[in-house]
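Notes for the structure review
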Amino acid sequence: MWRTPLLWAMMAALGVSAAAEEPSSSAGSATRFDGSTIAGTEIDATVTRLMKAAEVTGVGIAIFDQGKIAYLKAYGFRDKDKGLPLTVDSVMYAASFSKVAFAYMTMELVGEGVLDLDTPVYQYLPKPLPEYPNYADLANDSRYKRITARMLLSHTSGFANFRWVEDDRKLRIHFEPGSRFAYSGEGIDLLQLVVETITKKPLDELMQERVFQPLGMTRTSMIWQAQFESDHAVGYDDYGRSLGAQKRKRADAAGSMVTTIGDFARFMQAVMDGRLLRGKTREQMFSPQVPILSKHEFPTLIDETTDENKAIRLSYGLAWGLYWTPYGKAFFKEGHDTGWRNYTVCLDRQKTGITIMTNSGNGEGIFKDLLETLLKDTFTPIEWEGYMPYDKLPPRQPLTHHQRVSVDTRVLDRYVGRYPIPPNIVLVIRREGDHLSVQESVQGNDEAKQDLLPETETQFFSTAADDVYRFETDREGHPTAVVLHTDGKDITIERMK
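Bear in mind the structure is a predicted one, so any value in this text is a computation, not a measurement. (Residues numbered from 1 in each chain as written. Predicted model: local features only at pLDDT ≥ 70, side-chain atom pairs only at ≥ 80, totals over all residues. Heavy atoms only, no water.)

**Points about the overall build of the chain**
Here is the rule we go by: Each helix is a run of H or I in the DSSP string that is no shorter than four residues. Each strand is a run of E no shorter than two, and both are numbered from the N terminus. Throughout, radius of gyration means the C-alpha value; the globule benchmark is 2.2 Å times the number of residues raised to the power 0.38. Each residue gets one of three labels from its accessible area relative to the maximum for its type: buried under 20%, exposed over 50%, partly exposed in between, using a 1.4 Å probe on protein chains only.
The helix and strand tally for the chain stands at 11 helices and 24 strands. A globule of 497 residues ought to have a C-alpha radius of gyration of about 23 Å, and the chain, at 23 Å, matches this closely. In terms of principal-axis extent, the alpha carbons of the chain reach across some 70 × 60 × 45 Å. Here the chain holds 497 residues, and the buried ones make up 56% of them.

Written out as structure tokens, the structure is:
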């Protein structure tokens, strides 16, 4: 249905979220895992009740029935401060939904014989892996030669989630590749290097050509586009503070994708149908590669195990988590970053499922209730996922009170500069009039800026987090480092000379 600009404006003014071309109506209904139906009015009532109780800013919901989009709607705000409603076309940060989109493209290459799942990936590169700067840390560990695309997609490479969680921030292999599950963004990034090398194309171009354009995902990209400025969401932390939008400049297979609930619903339809994939590649993607015995998904390298999920045969396929229900196999994926919480799960045979996207740090607190009420899904391993229901969470700690003071702008100018955190994170400090700002840049991708307000001449507090920044200076008053106090820890970051 075509909508004129005037109609769009009227709907936004009324706080109504526009529908995409697929069926979407609060008066409709959807089929749940057990075959029962739920009316659109009950969906609306459930979502709005939970959002209010858990203080969730915005939620996009897509419910699938026999591979069709039976229900598609957005609730709440894309920008609470400006009073802008979230729509099904609002661009949201996909976080680790990026991984399954990338994996889908990768499986196309597998189906075409361009990439073999069991060939060690270093063999696809023109020079030894440790000769690439990002992988120099592996020079003395020959186990990298055993790592295959199958291991990278099934998160069994042995890498930590990201190297910056290591005490020395260096990349290492923690266990025999292929021997156990440990979720790893580093593994996906290595596969990105391999795929870009063998195709001789950058990731964003590959994704547009092979996934987004063929599936009609016109508001999805691995990097930020100017066209998204007119309708995009900003993220909010669990206190409701704005964190800004994610506007990545560099494509990252592990987590740079932005999309809409409408576009990602189209992707999920394709996944359910195996569209774009050849032969048995879809079957391979959803075949168990490794059983999951860990007590929790995160932290990724903990040794604690459990038998609690054996009954549902919790395992990992190629980029997708798997478990079994009385109604058959289900596949799932989560997306998690500060201010953004996403989840999708579908029954493989029935093609029934749901996608949930939120722009709130409190989003995961409503996942259990949404799954159980909207889908009758009582099988998702909530504890393993770490999805603590909102009404079971401990009380939030009160925010620390900071007293802002006035600091001479000449002093502020001294602190301006770049403060690197090896191997590839840089904190960029700028002066913004009478205060400072900090922006985190990871391999060229810039996070949203945070204002830093002075409480002493050397100490500043963030307006979007509980972080405190204290500048260290030499005898002449020139800054030598900044000490970041975050999560109860002090991290000293030297200033780039």
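**Focus on the pairing of strand E12 (residues 321-325)**
Condition: Any two strands with at least two DSSP bridges between them are considered paired.
Of all the five residues making up E12, five are buried; the element is thus mostly covered by neighbouring parts of the structure. Covered by surrounding structure in E12 are Gly 321, Tyr 323 and Thr 325 together with Leu 322 and Trp 324, the residues of both alternating faces. Note that strand E11 (residues 315-316) and E12 share two bridges and pair antiparallel. What sits directly across from Ser 315, in E12, is Leu 322.

**Re unusual backbone geometry**
Pro 299 follows Phe 298 through a cis peptide bond whose omega is -5 degrees. Positionally, Pro 299 belongs in the loop between strand E10 (290-291) and E11. Here the bond from Pro 422 into Pro 423 is cis, since omega is 5 degrees, no more than 30 degrees from zero. As for its placement among the helices and strands, Pro 423 is situated in the loop between strand E16 (417-421) and strand E17 (425-432). One non-glycine residue, Gln 66, adopts positive backbone phi at about 55 degrees. If you trace the backbone, Gln 66 turns up in the loop between strand E3 (58-65) and strand E4 (68-79). Gln 66 sits in the exposed class, given a relative accessible area of 62%.

**Observations regarding the pattern of salt bridges**
A side chain with one charge can pair with a side chain of the opposite charge if their charged atoms come near. The cut-off we apply is this: Salt bridges are identified by distance alone: a Lys or Arg side-chain nitrogen within 4 Å of an Asp or Glu carboxyl oxygen.
Evaluated as defined, the whole model comprises 36 salt bridges. With its nearest N and O atoms 3.0 Å apart, the salt bridge here joins Arg 396 to Glu 55. With a gap of 341 residues between them, Arg 396 in the loop between helix H10 (382-385) and helix H11 (409-415) and Glu 55 in the loop between helix H2 (40-54) and E3 connect regions that are remote in the sequence. What makes Arg 396 partly exposed here is its relative accessible area of 39%. Looking at Glu 55, the relative accessible area reads 46%, which means it is partly exposed. Between Arg 341 and Glu 364 there is a salt bridge; the shortest N-O distance is 3.6 Å. Taken together, the residues Arg 341 in strand E14 (residues 340-347) and Glu 364 in the loop between strand E15 (352-358) and helix H9 (367-375) connect sequence positions 23 residues apart. Here Arg 341 falls in the buried class, since its relative accessible area comes to 13%.

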